[in-house]
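Observations on the three-dimensional arrangement
As a plain string of letters, each chain reads:
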Amino acid sequence: MADVLVLIDHADDVVVKPSLELLTLARRIGTPVAVVVGAPSTSIVEELGAYGANAIISADDERLASSVTAGVVGLLASAASSRDVAAVLLPSTAEGKEVAGRLAVRLDAGVLTDAVDVTSSEGEVVVEQSIFGGSTVVHAKATRGVPVITVRPNSVSPEESAASPSIEQVTVSDDAGRHASVTSRSAVSAGGRPGLTEASVVVAGGRGVGAADKFALIEELADVLSGAVGASRAATDAGWYPHAAQVGQTGVTVAPQLYIACGISGAIQHRAGMQTAKTIVAINKDAEAPIFELADLGVVGDLHTVVPQLIAEIRARKA
Amino acid sequence: MKIVVCVKQVPDTWSEKRLDPADQTLDRAAADGVIDELDTYAVEEALRLKESHEGSSVVVLAMGPAAAAETLRKALSMGADEAVHVVDDALHGSDALATSLVLARAIEHVGYDLVVLGSESTDARMGVMAAMLAERLGVPQATLANRVDVADSALRVTRLTSAAQEEIEADLPAVVSVLEKINEPRYPSFKGIMAAKSKPTTTLSLADLGIEPSTVGLSAAATTVLDSTARPPRGERTIIKDDGDAGARIADFLASRKLV
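The shown structure was predicted, so the numbers you read here are calculated from the model rather than taken from an experiment.

Rules and cut-offs
- Residues numbered from 1 in each chain as written.
- Chains lettered and ligands numbered in written order.
- Predicted model: local features only at pLDDT ≥ 70, side-chain atom pairs only at ≥ 80, totals over all residues.
- Helix = DSSP H or I, 4+ residues; strand = E, 2+ residues; numbered from the N terminus.
- Contact = placed C-beta atoms within 7 Å.
- Rg over C-alpha atoms; globule rule 2.2 N^0.38 Å.
- Buried ≥ 20, exposed ≤ 12 C-beta atoms within 10 Å, placed from the backbone.
- Domains from an automatic or database assignment.
- Nonpolar A, V, L, I, M, F, W, Y, C, P; charged D, E, K, R; others polar.
- Pairing = 2+ DSSP bridges.
- Axes fitted to C-alpha atoms, helices over the stretch in contact; angles between N-to-C directions.
- Core = buried A, V, L, I, M, F, W, Y, C linked by C-beta atoms within 7 Å.
- Parallel < 35°, antiparallel > 145°, perpendicular 65-115°, else oblique.
- Left-handed = near helix turned anticlockwise from the far one by under 90°.

**Remarks on the overall build of chain B**
A tally of regular secondary structure across chain B gives 7 helices and 13 strands. On the principal axes, the C-alpha backbone points of chain B span a range of 65 × 45 × 40 Å. Across chain B, the fraction of contacts at a sequence separation of at least 24, relative to all contacts at a separation of at least 6, is 71%.

Structure representation (structure tokens):
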């Protein structure tokens, strides 16, 4: 079977969950090969092996790590040209999609973003995408070059499959033209919560939350569920919650196992960012709110009384 | 400093909610053809850079059918100096690779020190175009910017990715993409709207850019859609009214789905 290159992200000496999901998908369509920027530590190597990486290609090059997008594109392009590669898989984050776009130009290959599933059919890699804010499901494939595919976090559950990866250190020649370079980097603090795009549970608040300080309630519910906090555009525009948490067409797209919408009416702007969540619970005072069209469970009521009760119930059941 | 801003005409993101002020019915005409909201931040940022750097000019560039001229006029009415419109029947159905080829050639044709884009389009939402243009132009990519400063020919950008905030530096020429909330786009003034009518607009064809029509359009796309279906409706919905126990009932529901 041909190799499938998987771009690996790691933080604090742990491989991030979306990367483990990509390795799991890669096994379906070929032999997973992990591509890592920086020298992988022993624990990173063990983790990649546990999730089926057959080989690890890494470049320990400070210049590469500090280059905006171009460096990692060079690493992936050199790996793709020196092997028989069936596909390249990357996370569907803003920065992952940028890498995919540049790589597709460099390889003159088809790029498919925001895949929610990747399968192999008659020797071809086929992706499933959810477009127009999740209202339409599309199957698509690349017709030229090595398919460059970005996959949404939470599209699959990571599954272990032990392998003993070979480790290949490579150097990448600087053929990408001039780079922008990173002079400092600080991790975005989510207050100890999981990242919005990769969280299994997202609790989001909207206009109905009513005030910035009332978002503490949304955060408390997120915390008892070990989830991330999202917000509707109405809430971020009002300055109640940081813009980075905005879920919707002009914000972040999430596809968690559970999405709890609190005081969100469900304008199309918002629905476009969350309607592929597996289970949706909505709490809203207005029985006519469009969010209820999407909800598996909808509660017509005041979130300021329902949410505290829900938090207490979850705590009681966990105790 | 010559700044080129790429803009796209898209269906209105808020179209489902929009009423016609004349009769309060759904305004269908408004659903097609507006400047991409995310691109208005790019236009605004370019205008601010122009205003703080003497001798600068802003060119807005769009690829799209004849109707996209409206989108260019909107950007001109905000204050851009001139517009360039790439129109060609052969472009219909172009994928991101072909679009980036056409835009890159047009940008080179126009000449530039800085290219500014929105972070993604609100219709296709691929978020690849700025990176593709940097690759094709062979210039630094300073994208996902929450802040842009230019001093002499040095560019400093605060970049927000999903995981980190980064300070990045590059030399001009370069490609920048800006995030929503980097600024508050201005509304065109009456004066701006009137002035837009007399600003120069150049129309370019593929031949003008030296691009072979067979390398763009639907038939040259490097990806193909095999099938599309409307998303099946979600499973059974349960809507309850809170009678004082809704919190407990949500907890029961979550437990039944093994979510708590």
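**Focus on the overall build of chain A**
A count of helical and extended segments in chain A gives 9 helices and 17 strands. Expected size for 319 residues packed as a compact globule is a radius of gyration near 20 Å; at 21 Å, chain A falls within 12% of this value. For chain A, the spread of C-alpha atoms along the three principal axes comes to 60 × 40 × 40 Å. Each of the 319 residues in chain A was classed as buried or not, and the buried ones make up 59%. For chain A, the proportion of contacts with a sequence separation of at least 24, taken over those separated by at least 6, is 67%.

**Section: the domain arrangement of chain A**
Residue and element names in this part refer to chain A. Each assigned domain of chain A is listed here: domain 1 (3–169) and domain 2 (201–318). Counting residues at the interface gives 7 residues for domain 1 and 9 residues for domain 2. A class-by-class count of the residues in the side of domain 1 that touches domain 2 yields 1 nonpolar, 5 polar and 1 charged.

**A word on the environment of Ser 219 of chain B**
As for its position among the elements, Ser 219 of chain B is in the loop between helix H6 (206–209) and strand E12 (223–230). When the C-alpha atoms of Ser 219 of chain B and Lys 258 of chain B are compared, they prove to be 47 Å apart, with 39 residues separating the residues in sequence.

**A short note on the pairing of strand E17 (residues 297–300) of chain A**
Here 4 bridges tie strand E16 (residues 279–284) of chain A to E17 of chain A, and the two strands are oriented parallel to one another. Across the sheet, Val 281 of chain A pairs through a bridge with Leu 297 of chain A, a residue of E17 of chain A. With 4 bridges connecting them, E17 of chain A and strand E13 (residues 238–241) of chain B associate as parallel partners. For Gly 298 of chain A, the partnering residue across the bridge sits in E13 of chain B and is Ile 239 of chain B.

**Examining the environment of Asp 88 of chain B**
All names here are of chain B. Secondary-structure assignment places Asp 88 in the loop between strand E5 (82–86) and helix H3 (96–110). Once the C-alpha coordinates of Asp 88 and Pro 213 are considered, the two residues, 125 residues apart in sequence, prove to be 8.8 Å apart. Those residues in contact with Asp 88, other than ones at most four positions away along the chain, are Ser 205 and Leu 206.

**Observations concerning the interface of chain B and chain A**
Each partner contributes to the interface: chain B provides 68 residues, whereas chain A provides 75 residues. Broken down by secondary-structure element, the contributors of at least two residues to the side of chain B that touches chain A are helix H1 (37–52), H3, helix H4 (129–137), strand E7 (141–151), strand E9 (164–171), E12, E13 and helix H7 (246–256) of chain B. Partitioned by chemical class, the residues of the side of chain B that touches chain A number 32 nonpolar, 18 polar and 18 charged. Bridging between strand E12 (residues 181–187) of chain A and E9 of chain B involves 6 bridges; their strand directions are antiparallel. By the bridge assignment for E9 of chain B, Ser 186 of chain A is matched with Gln 165 of chain B.

**Describing the sheet that holds E13 of chain B**
Pairing within the open sheet is parallel, and its 6 strands lie in the order E14(A)-E13(A)-E15(A)-E16(A)-E17(A)-E13(B). The sheet is open, and its two borders are formed by strand E14 (228–231) of chain A together with E13 of chain B, each paired with just one other strand. Strand-to-strand, the axes of this sheet are offset by a mean angle of 15°, without reference to chain direction. Across the face of the sheet, helix H6 (residues 215–224) of chain A comes into contact with strand E13 (201–205), E14 and strand E15 (258–262) of chain A while running at roughly 170° to E13 of chain A. Contacting E16 and E17 of chain A together with E13 of chain B, H7 of chain B crosses the sheet at an angle of about 175° to E17 of chain A.

**Quick look at unusual backbone geometry**
Keep in mind that most residues, glycine aside, have a negative phi and that most peptide bonds are trans. The peptide bond linking Leu 172 of chain B to Pro 173 of chain B adopts the cis configuration, its omega dihedral lying at 0°. Along the chain, Pro 173 of chain B turns up in the loop between E9 and strand E10 (174–178). Unusually for a residue other than glycine, Asp 12 of chain A sits at a positive phi of about 55°. Along the chain, Asp 12 of chain A turns up in the loop between strand E2 (10–11) and strand E3 (14–15).

**Overview of the nonpolar core**
Val 6, Val 35 and Val 88 of chain A together with Val 5 and Val 60 of chain B are the most contacted members of the largest nonpolar core, which totals 142 residues. Looking at this core element by element, the count peaks at 9 residues for H3 of chain B. With 53 residues, the next largest nonpolar core counts Val 202, Val 209, Leu 258 and Ala 295 of chain A among its residues.

**Observations regarding the packing of H6 of chain A against helix H9 (residues 303–318) of chain A**
Residue and element names in this part refer to chain A. At their nearest, the axes of H6 and H9 sit 10 Å apart, and the two run at 20° to each other. On the basis of the axis angle, H6 is roughly parallel to H9. Where H6 crosses over H9, the two elements pack in a sense that is left-handed. Residues Leu 217, Glu 220, Leu 221 and Val 224 of H6 pack against Val 307, Pro 308, Leu 310, Ile 311, Ile 314 and Arg 315 of H9. Residue composition of the contact of H6 with H9, grouped by class: 8 nonpolar, no polar and 2 charged.

**What about helix H1 (residues 17–29) of chain A?**
The element H1 of chain A is largely enclosed, with a buried count of 10 among its 13 residues. The complete set of buried residues in H1 of chain A reads Pro 18, Ser 19, Leu 20, Glu 21, Leu 22, Leu 23, Thr 24, Leu 25, Ala 26 and Ile 29 of chain A.

**Looking at the sheet that holds E5 of chain B**
Within the open sheet, the 10 strands sit side by side as E12(A)-E9(B)-E8(B)-E7(B)-E10(B)-E6(B)-E1(B)-E4(B)-E5(B)-E11(B). Their pairing is mixed. The sheet is open, and its two edges are formed by E12 of chain A together with strand E11 (201–204) of chain B, each paired on a single side. Strand-to-strand, the axes of this sheet are offset by a mean angle of 25°, without reference to chain direction. Pairing between strand E8 (residues 154–160) of chain B and E9 of chain B: 7 bridges, direction antiparallel. By the bridge assignment for E9 of chain B, Leu 155 of chain B is matched with Ala 170 of chain B.

**What to know about the environment of Val 10 of chain B**
Residues and elements named next belong to chain B. Counting through the fold element by element, Val 10 comes out in strand E2 (residues 9–10). Expressed as a C-alpha distance, the spacing of Val 10 and Asp 227, which sit 217 residues apart in the sequence, is 23 Å. Apart from the residues lying within four places of it in its own chain, the contact partners of Val 10 are Val 34, Asp 36, Ser 121, Thr 122 and Asp 123.

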